[in-house]
Amino acid sequence: MNMKPKQPYGNTRNVTKILTDRAYWDMEHVLRKRLRTAPQFVDNIELEAELRGHNGCVNCLQWSDNGHILASASDDFHVMLWDPFRHKQLHDLVTPHEGNIFSVKFLPKRSNSLLVTGAGDCKTFVFDINRQNDYPIRQCSCHAQRVKRLATSPSNVHMFWSAGEDGLVLQHDLRQPHECYGHDANVLIDLRIDMVLAPEVKCIAINPQRPEQLAIGSNDIYARLYDRRMISPGKLDRSVEASIPKDGCVKYFCPGHLGSKYQAAHQLGDIYQYKAVTYLTFSPDGTELLANMGTDHIYLYDVNNPRHPLFLELPKFPSTPEGGNANDGECNGGDKLSVGAEKTKHKFPPDVEQLKKEGNASLEKDQFLQAINKYTQAIQKVNGKDCAIFYLNRATALMKRGWYGDVYAAVRDCHTALRLDPHYVKAHFRLAKALLKLEKSKEAQICLEELVRRFPSYAKNPGILMLEKDIGIDIEKARHRATLGRNPDLESESTNTEKEKYWRSMSMDYEQRYIGHCNTKTDIKEANYFGDSNYIVAGSDDGNFFIWDRHSGIIHSIFQADELIVNCVQPHPFTCMLATSGIDHEVRLWSPQSPEKPTLRRVLNVDNVVDENQTHMQIDPFDSIAPDQAICRAS
């Protein structure tokens, strides 16, 4: 029997054969990615199981590299290893810690046998869980305050890093023997060198794609990104011998509105003393940095192409046949100014027009969250082109809502509207109003003066005249404040080193923010990428965890996961599964369930939950803490 000649691999049309003949890891990567990204899975998440065994708050969770083991650590000084698929406890590690365990990490590519812990007793331990006893194979007591977070890197299998509330980041190398108290040069970062106020490092992360990049968050508003290649570890003895970062080794990230006020110390409010970056993580591709900020929101920063804060940068104004006057058009938002809408009235597709109509209706009813979501969806559908009116209407809703950062977000939207349509008079006007609300009275004055110069027919408009008067009053108040003398907060800020002040002044702005949760009662609250970076997840003080669409910032869903507070939300590395924990003693697993099952844990009244959380966010964080939460409040 004649056999057909075997087709060369490059000519075969059998897609299954092409896939199956590829390297196993490549095919596995494709399947794993699909398991994480399928929206249908995320849409049907529900509680799968509760893992019981701890006798204290569960402060940290960590998946093994292969996703077969989940580690949890608690105030009870135990580390428990779980089989997440059979919901069984594999091992109960009794640690010698004498303080709450705040961080647990598997050392990568070590057969998931080496485990590192950091705790409130200022110590870190390394355990080999394959040994018969639970005695640590390495320990370090170099930190003088609580160890809050640990970090590992897939490409540095012998190393890990610890972040402590003493302001230090230590670098640990298992290939080298270690002796505490200054004999080893393992101080990588010492924030005390440049800052006068007692710095506390709260969190740390290593870029999975560029391991030389290390990010830390502390008890202020800045996320700091270091290049480890430009830092030489120093001794713990004193700051003279400790690591001194070189110029260009670090880049600061901070929401533009916060950095602006923080540098103007006379504007500081009491709420600033509670702000801290409670968690940092890089995106899987290493291009983004996600930061969860206490008493504020979650911010996403672009690592490779960061943007500068934007307050006033009017686009070049082209001349028009109308002599610089915009066409009259629809005016939304209740401004006391009858001015033009967009230069050109665009006819949007029916679905976009419907979103615009629904957004306007929600804005009229003061349903600001819904209005913002509708305008955002409309912007996405038209890919941000020819839609200046949507950006401006969203700016109106943001200014009326007035949550933390909303006015600054409105400023950014006004700039986008002006870039799309430089003739948009109302965008000029609203930008001036937003700048005044941000206490940027000089910039507001410049913006308003430019509006009148570009559109002379509006010089005597009542709305223009009223805003001009308000700006003048604010400028006079600022002059009066300046005559009151030096401010003690300003003096404290001025005692920071010139490098620190320079780095702060050059801090880069966020790309996206995620609103809805409440983060005031603990300083270990996480935020992570979920679904191969298509979603963002985080816990909240209300006992819920939130899922946002990463691209739009719109809340996808909310789930009730804890009686009090959800701190930890750790996605499985390969499948659509989440592990959550907090003040409760249980670890909870979440995965897609049958759509026919009732939704028991999904929160339906999203608007009410979000409104209540933002109200709590803007009051004293300690006012609503119950006495029995005291032990976990310190976390």
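Residues numbered from 1 in each chain as written. Predicted model: local features only at pLDDT ≥ 70, side-chain atom pairs only at ≥ 80, totals over all residues. Heavy atoms only, no water.

Here helix 14 (residues 606-617) contains twelve residues, and its C-alpha end-to-end distance of 16 Å stays within 8% of the 16 Å for a straight helix at 1.5 Å per residue. Among the residues of helix 14, those classed as buried are Val-609, Val-610, Asn-613, Gln-614 and Met-617. Down the axis of helix 14, the buried set is contained in an arc of 125 degrees. They therefore lie on one face. Exposed residues lying more than 90 degrees from the buried face of helix 14 are Asn-608 and Thr-615. (Helix = DSSP H or I, 4+ residues; strand = E, 2+ residues; numbered from the N terminus. Expected span 1.5 Å × (residues − 1). Buried < 20%, exposed > 50% of the residue type's maximum accessible area, 1.4 Å probe, protein only. Arc of directions from axis to C-beta.)

Attention shifts here to the side chain of Ser-74. Checked against the element boundaries, Ser-74 lands in strand 3 (residues 70-74). Since its relative accessible area comes to 0%, Ser-74 is described here as buried. Of note is the side chain of Ser-74, whose polar atom sits 2.9 Å from the backbone oxygen of Cys-57. In contact with Ser-74, not counting residues within four places along its chain, are His-54, Gly-56, Cys-57, Val-58, Asn-59, Asn-100 and Ile-101. (Polar contact = N/O pair within 3.5 Å; in protein donor to acceptor, adjacent residues only side chain to side chain. Contact = heavy atoms within 4.5 Å.)

At their nearest, the axes of helix 9 (residues 425-437) and helix 11 (residues 462-482) sit 11 Å apart, and the two run at 25 degrees to each other. Comparing their axes, helix 11 and helix 9 come out roughly parallel. Crossing hand, helix 9 versus helix 11: left-handed. For the pair helix 9 and helix 11, the contacting residues are Phe-429, Ala-432, Lys-433 and Leu-436 in the first and Gly-463, Ile-464, Leu-467, Asp-470, Ile-471 and Asp-474 in the second. (Axes fitted to C-alpha atoms, helices over the stretch in contact; angles between N-to-C directions. Parallel < 35°, antiparallel > 145°, perpendicular 65-115°, else oblique. Left-handed = near helix turned anticlockwise from the far one by under 90°.)

What follows covers empty space enclosed by the protein. For the coordinates displayed, the defined rule picks out one cavity of 30 Å³ or more. By volume, the largest cavity is sized at about 50 Å³. Taken together, ten residues line the largest cavity, and the ones lying closest to its centre are Asp-190, Leu-191, Asp-194, Tyr-226 and Trp-503. Every element with two or more residues in the lining of the largest cavity is listed here: strand 13 (187-190) and helix 13 (498-505). Of the residues assigned to the lining of the largest cavity, the class counts are seven nonpolar, no polar and three charged. (1 Å grid on protein atoms, 1.4 Å probe; cavity = no way out; pocket = protein on both sides within 12 Å on 5 of 7 lines; lining within 4 Å. Points joined across faces, edges and corners; volume = space filled by probe spheres on them. Nonpolar A, V, L, I, M, F, W, Y, C, P; charged D, E, K, R; others polar.)

In terms of burial, strand 8 (residues 124-128) is a largely internal element, four of the five residues being buried. Judged from the five bridges that link them, strand 7 (residues 114-119) and strand 8 form a sheet pairing that is antiparallel. Pairing of Val-116 across the sheet is with Val-126, part of strand 8. Where strand 7 hands over to strand 8, the hairpin turn is made up of four residues, of which Cys-122 adopts a positive phi near 75 degrees. As paired strands, strand 8 and strand 9 (residues 138-140) are joined by three bridges and run antiparallel to one another. When the sheet's bridge partners are listed, Val-126 is paired in strand 9 with Arg-138. (Pairing = 2+ DSSP bridges.)

Quick look at the sheet that holds strand 22 (residues 527-530) now. Read from one edge of the open sheet, four strands run 22-23-24-25, paired in antiparallel fashion. The open sheet has two edge strands with one neighbour each: strand 22 and strand 25 (555-560). Recorded for the sheet is a direction-independent mean angle of 20 degrees between the axes of neighbouring strands. Relative to strand 24 (residues 544-549), strand 23 (residues 535-539) is paired through five bridges, and the arrangement is antiparallel. Counterpart to Ala-538 in the pairing with strand 24 is Phe-546.

Inspection of the entire model under this criterion finds 36 salt bridges. Ionic pairing is found between Arg-149 and Glu-526, a salt bridge with its closest N-O pair at 3.2 Å. In this pair, Arg-149 sits in strand 10 (residues 147-153) while Glu-526 sits in the loop between strand 21 (512-514) and strand 22, placing the two residues 377 residues apart along the sequence. Judged by relative accessible area, Glu-526 falls into the buried class, the value being 1%. Two residues, Glu-450 and Arg-454, come together in a salt bridge whose shortest N-O distance is 2.8 Å. Placement of both Glu-450 and Arg-454 in helix 10 (residues 441-454) is noted, with a separation of four residues, approximately one turn of the helix. Note on accessibility: Glu-450 and Arg-454 belong to one class, buried. (Salt bridge = Lys/Arg side-chain N within 4 Å of Asp/Glu carboxyl O.)

With respect to topology, four strands assemble into an open sheet ordered 6-7-8-9, the strand pairing being antiparallel. With one partner strand each, in any of the chains shown, strand 6 (101-106) and strand 9 form the two edges of the open sheet. The average angle at which neighbouring strand axes cross in this sheet is 15 degrees, direction not considered.

Bringing the confidence of the model for the chain into the picture now. In the predicted model, the chain carries a mean pLDDT of 83, and the fraction of residues at 70 or more is 80%. Here residues 263-270 scores under 50 on pLDDT; set against residues more than four positions off or in separate chains, the count is 14 contacts. Every residue in residues 488-492 scores below 50 in pLDDT, and together they form six contacts with partners more than four places removed in sequence or on other chains. (pLDDT = per-residue confidence, 0-100.)

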